[in-house]
Amino acid sequence: MRIFLTELKKLFRGHIFLLILGAILILNGYLMFRISNTSESSPEDYRTIYSELSDRTDQEKMNWLDDKCSDFSGNQLYNWTVLYELQEECSRIVNYQEYLAGIDQQAKSMSSISIFSNPDTFNYRSIMTMPSKYENMHDVTPTFDISKGITLATDNNFTDAFIAFLILFSVLSFVISDREQGISGLLFSLKKGRRTLIWIKIGTLAVAIFTVILLLYAENLVISAQLYGLGDLSRPIQSLSGFIGCNLKISVLGYLFIYAAFKFLAFLAIGTILVLIAINTKNTISFYGISAIVLIFEGITVTQIQPLSQYSIFYYINILHFTNCNDIFCNFKNINFFDYPIALVPTSVCVMILIVGTCSILSGVLYSTKRNLEYTRFSMKAMIPFKHKVHSNLFYTFYQSLIMQKGAIIILIFIVVISFMSSGFIKKYDVSDVYYKFYSEQLEGDLTQEKLDFIENESDRFKVIQSQIDSIEESGVHSSELETLYKEVAPSLGFSLMQERTIVIKDMKNVEIFYDTGYKRALGVMGYDDDMQYALVCILLCIFLVSPMIANDNRHRICSVINSTKSGRRSYMRRNIFVSALYGFISAFLWMIPYGLSIYRYYGSSGLSASIHSIADFIEFPLNISVFQYLIFVFCLRLISMISIALLMLLISNLCKNNTVSTLVNFLIFALPIIIYLFGAKIMVNIGFNPLLSITVMLNDFSAIQIIIPILTLLYIIGIAIKSKIAMKL
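**What about the overall build of the chain?**
Scanning the chain from terminus to terminus reveals 33 helices and four strands. The buried share among the 730 residues of the chain stands at 48%. Once local pairs closer than 6 in sequence are excluded, the contacts in the chain between residues at least 24 apart make up 75%. Within the structure as shown, the chain displays about 36,200 Å² of accessible surface, and the carbon and sulfur contribution to it stands at 64%.

**Structural notes on the packing of helix 21 (residues 449–475) against helix 22 (residues 480–489)**
Interaxial distance between helix 21 and helix 22 falls to 10 Å at its minimum, and their mutual angle equals 150°. Relative to helix 22, the element helix 21 is oriented roughly antiparallel. The chirality of how helix 21 crosses helix 22 is left-handed. Note on element contacts: helix 22 touches helix 21 through Glu481, Leu482, Leu485, Tyr486, Glu488 and Val489, opposite Phe462, Ile465, Gln466, Gln468, Ile469, Ile472 and Glu473. Looking at the contact of helix 21 with helix 22 residue by residue, the classes come out as eight nonpolar, two polar and three charged.

**A few points about the packing of aromatic side chains**
For any pair of aromatic rings, the description consists of the separation of the ring centres together with the inter-plane angle of the planes. Going through the model one piece at a time under the given rule, you end up with 36 aromatic pairs. For the pair Phe425 and Tyr595, a centre-to-centre distance of 5.9 Å together with 75° between the ring planes defines the contact as edge-to-face. Highlighted residues: Phe425 in the loop between helix 19 (407–423) and helix 20 (431–442) and Tyr595 in helix 28 (residues 568–603), separated in sequence by 170 residues. Using a relative accessible area of 5% as the deciding quantity, one classes Phe425 as buried. Just above the ring of Phe462 sits the side chain of Arg461; from NZ or CZ to the centre is 4.7 Å. When the ring centre of Phe514 is taken as origin, the NZ or CZ atom of Arg501, which lies over that ring, is 5.0 Å away.

**Some points on helix 21**
Taking 1.5 Å of rise per residue, 27 residues should cover 39 Å, and helix 21 covers 40 Å from first to last C-alpha, within 8% of that figure. Residues of helix 21 that are buried: Lys451, Ile455, Glu458, Ser459, Phe462, Ile465, Ile469 and Ile472.

**Structural notes on the pairing of strand 1 (residues 334–337)**
Looking at chain direction, strand 1 and strand 2 (residues 340–343) are connected through four bridges and run antiparallel. Bridge pairing in strand 2 places Asn336 opposite Pro341. Two successive antiparallel strands, strand 1 and strand 2, enclose a turn made up of two residues, where Phe338 displays a positive phi of approximately 55°.

**A closer look at a nonpolar patch on the surface**
Where nonpolar side chains cluster on the molecular surface, the patch consists of Phe702, Ile707, Ile708, Ile711, Leu712 and Leu715 and spans about 560 Å² of accessible area. Take Ile711: it is sitting in helix 33 (residues 705–729).

**Looking at the nonpolar core**
Generally speaking, nonpolar side chains in soluble globular proteins are found buried as a group. Counting 173 residues, the largest nonpolar core has Ile49, Val171, Phe287 and Ile539 as its most contacted members. Not counting the four nearest positions on each side in its chain, Phe287 is found in contact with Leu168, Val171, Leu172, Ile176, Leu274, Ile277, Ala278 and Thr281. With 13 residues, the next largest nonpolar core counts Ile625, Tyr630, Val634 and Ile695 among its residues.

**Describing the pattern of salt bridges**
Side chains that differ in sign of charge can pair as their charged atoms come close. The tally for this structure, following the rule as stated, stands at nine salt bridges. The closest approach of N and O atoms between Asp530 and Arg521, which form a salt bridge, is 2.6 Å. Comparing Asp530 with Arg521, the two get one shared label, buried.

**Some details on a negative patch on the surface**
Residues Glu450, Asp453, Glu456 and Asp460 make up a contiguous surface patch of negative charge. Turning to its location among the elements, Glu450 is positioned in helix 21.

**A word on the side chain of Glu89**
As for its placement among the helices and strands, Glu89 is situated in helix 5 (residues 80–94). Although Glu89 is buried, it forms no salt bridge, and the closest oppositely charged side chain is Arg92 at an N-O distance of 5.7 Å. What Glu89 contacts, discounting residues up to four positions off in sequence, is Phe144, Asp145, Ser147, Ser239 and Ser241.

**Quick word on the environment of Ser605**
Inspection of the secondary structure puts Ser605 in the loop between helix 28 and helix 29 (627–655). Spatially, the C-alpha atoms of Ser605 and Phe514 are 9.3 Å apart, while their sequence positions differ by 91 residues. Beyond its immediate chain neighbours, meaning those up to four positions away, Ser605 contacts Tyr519 and Tyr600.

**A word on the side chain of Ser368**
Along the chain, Ser368 turns up in helix 17 (residues 344–369). Relative accessible area serves as the criterion here: at 17%, Ser368 is assigned to the buried category. In this structure the side chain of Ser368 is engaged in a polar contact, spanning 2.9 Å, whose partner is the backbone oxygen of Gly364. Not counting the four nearest positions on each side in its chain, Ser368 is found in contact with Arg194 and Arg195.

**Side note on unusual backbone geometry**
In this model, Asp55 sits at a positive phi of 65°, which is unusual for a non-glycine residue. If you trace the backbone, Asp55 turns up in the loop between helix 3 (43–53) and helix 4 (58–69). A positive phi angle, close to 65°, is found at Ile695, a residue other than glycine. Note on placement: Ile695 falls in the loop between helix 31 (690–694) and helix 32 (696–700).

**What to know about the packing of helix 4 against helix 5**
Closest axis-to-axis distance for the helix 4/helix 5 pair is 9 Å, and the angle between their directions is 145°. Remark: the crossing between helix 4 and helix 5 carries left-handed chirality. Residue-level contacts link Asp58, Gln59, Lys61, Met62, Trp64, Leu65, Asp66, Lys68 and Cys69 of helix 4 to Trp80, Leu83, Tyr84, Leu86, Gln87, Cys90, Ser91, Ile93 and Val94 of helix 5. Counted by class, the contact of helix 4 with helix 5 contains 11 nonpolar, three polar and four charged residues.

**So, the environment of Ser571**
Structurally, Ser571 is set in helix 28. For the pair Ser571 and Leu394, spaced 177 residues apart in sequence, the C-alpha separation works out to 9.5 Å.

Calculation rules
Residues numbered from 1 in each chain as written. Predicted model: local features only at pLDDT ≥ 70, side-chain atom pairs only at ≥ 80, totals over all residues. Heavy atoms only, no water. Helix = DSSP H or I, 4+ residues; strand = E, 2+ residues; numbered from the N terminus. Buried < 20%, exposed > 50% of the residue type's maximum accessible area, 1.4 Å probe, protein only. Contact = heavy atoms within 4.5 Å. Areas by Shrake-Rupley, 256 points an atom, 1.4 Å probe, with all protein chains shown as cover. Axes fitted to C-alpha atoms, helices over the stretch in contact; angles between N-to-C directions. Parallel < 35°, antiparallel > 145°, perpendicular 65-115°, else oblique. Left-handed = near helix turned anticlockwise from the far one by under 90°. Nonpolar A, V, L, I, M, F, W, Y, C, P; charged D, E, K, R; others polar. Phe/Tyr/Trp six-rings, centres within 6.5 Å; stacked < 30°, edge-to-face > 60°. Lys NZ or Arg CZ within 6 Å of the ring centre and 35° of its normal. Expected span 1.5 Å × (residues − 1). Pairing = 2+ DSSP bridges. Patch = residues over 30% accessible without salt bridge, like charges linked within 9 Å, V, L, I, M, F, W, Y side chains within 5 Å. Salt bridge = Lys/Arg side-chain N within 4 Å of Asp/Glu carboxyl O. Core = buried A, V, L, I, M, F, W, Y, C linked by side-chain atoms within 4.5 Å. Lys, Arg positive; Asp, Glu negative; His and termini not counted. Charge placed at Lys NZ, Arg CZ, Asp CG, Glu CD. Polar contact = N/O pair within 3.5 Å; in protein donor to acceptor, adjacent residues only side chain to side chain.

Structure representation (C-alpha cells):
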C-alpha cells in the first residue's frame, strides 16, 4: 500500500496533474456547451417540443409530431429539423415490434438471394444467426423520451481525446519519470523494485484512468441534464435514439454503468500498451515515436477499412474503435472471422482483457529482467574497426538531436503523416462553385466593359427565367416546361457569386477575373480548418524535435561541463538556436509546400499575376500587389512565425529539467489550443499562438487579443528564465 500511495504522489506532485485536469474539465464543459449550440437546432428547441409531448402516450406523441410535420401553414412555432428528427425517432419506437418481425423476414428474404444463399459464406451464416439474437426482445417495450442528453454525454470525440492525453501524462509520471530522474538503477536494486513495482504502477494507472473517466463523463451527464434532460433512466436502452437495434435487455441506467466499465477497459488497454512501450524504449522520444506509429496504424485501419469489407475484423478489433462504445452497443453486429460470424461485444471485451493481461504480464517480465537501459548501449560499431574522426561542434549538435534523440525517425514519421494528409485532401463538391468556375473561365482576364455588359445581360436573362418560373408555380400547373426552366436557371447559383464579385472590384485598378476559390480556401476566407490541421502536425514535429535539445542535457546535469569547455555556453546556445530555427524552417516547409501543391492540383493556378484586389475579400488590403506576391508575403510571415515558435520552444527546453516536462509544457502552450479548435471551439483560432501560426487570421480580421496573449506568454517565460539565471548566480 505504501508503494501504491507513493506512486499516486508522483502523479500529484507539483500539482501539475491537478492543473491539467482542472483545465481539461473546463475545456470539456465549454465544448459540451459549444457543440450543442452550433447546429441547426438548440437545446431550447428540444426542450420546447419535449414539454409539449409530456404526459402523452407514445401513440399520442406520434400523432402530434405527424400533425406538426405536415403543417405547412407558415405558423409553425417549432424547429423543423427537431420535429423531423423526433418524428423519425418516435416512429421507430412505436413500431418496435414490426422492427423485430422485419428481422426474421429480412433473414428469410436475403437467404433466398443468390449472393447470400451459399451456406459456407460469412453473409449466409451471419444472416441466419440474426433472428436468434433478438428472440428474447419481444417482451421489451421501448418508450419515447429524451434521448439527446444521453447521446450528447456519451458520444463525443473530444472527451476521449482529453482522457487519452491524461493517460499519456500518467504513463510519463508513473513509468518514464524514474528514468528521467536517473533513479532507475536504484529502484532495480530494491526488494520490490522490479516486478512488484511495475504491477503497482499499472494498478495505479488503472485507478487514475477510472477516476478521470468518472469525472469527465459525470461532468458530461450533468451538463447534458441541464441542456436537454436525461429522461427516464429506467426505460429500456432501445428507447434511446440510435439504439433500436440493441439486443441487450438493459435499462438506460444499466447501459451507463456498462458504458463506464467498457470505456475503462478500452482506455486501460491503451494505457497498458503505452506502459509496455515505455518499458522497452531507451528515451522519451523513442516512446513518443513508437506510440505514434502504433496509434497512426490503428487510425489508418479505422479510417481506411470499411465495416462491411472482408477485413472488417481489423476495423472492429482496434484499440481506437473500442473507445467508441455507442457504435459497438447500438446494434448487434457480427465480425467476419474466417467466414464465421462472431459477436462484436463479447469479442471486444475478450480482446481488451487479453491486451490488458498480455501487456501487463510482459511489462512485469521485461521490467524484472531488463538491465538499466539508461546506461546500456549497443552498436554495430563495436564490431567494426573504424578511425575516429573529429567533427565540428555543430555536427555533434545535429548528431545528438537526429541520432541520439531519434529526431531523424520523428521527421520520417511526420513526412508520412503529411503525405497521408495530402492524399486525403479533397475539394468538396458545391454546385454553386461548379457554375462559378464556369463563369470564371468564360470571363477570365481583364475586367473590361464588354464583360460587365455580359454580366448585366446574363442577370436580366436569369430574372426573366425566374419570373416565368414564379408565374407557372402560382398557376399550380407543373409541366415539362417548368423542369426545363429549372435547368436553365440553375447556373444563377454560381453567376450570383460572380456578379457580387464584379460589383465589388470593378472600380479597382488592374483587376482581373479568374477562378479564385482555391486562393480563398488557402488564405482563410473559407475558414481556418486547413490552417489548423496542417499547423498541428508541424507544431507537433517541432515539439518532438526541439523539446529534448537542452532539457536532455539538463537532465544529465552536463551544462556545467559544457560551460567549462573552450566553446563555452554562448557557442552551445548559438548551435542550439541555429538547429531549432532550422527545425522551424523545415516544419513550415512541410506544411506549406504539400498544402500548396494540393491547392494547385484541385483548383489550378490561374490569376497568379493579377492584383490581389481581384479577389473581393481582399479589396481593403493596403498594397496593390499581385496574388503571387501576397502568397509569398503570407509564406514569409508563416516561416518567421514557425522559426520564432521553435526558438520559444528551445527557451522552454532550457528551463526544464527533463524531456518529459519540456515536451508537456510545449504541448500545452502550442498544440492544445489547436486541438481545442479542431474539436469545435472556433474562437480558439484567435487565442494563444494560433493567430501567429495561421497568419491569415490576423490579416483577414486583426484584433488585439491575437497578439496580447502570445506577448504575455513570451514575457512570462522570459521572466522565469531571468529569475532562474539570477538564482543560479546567487
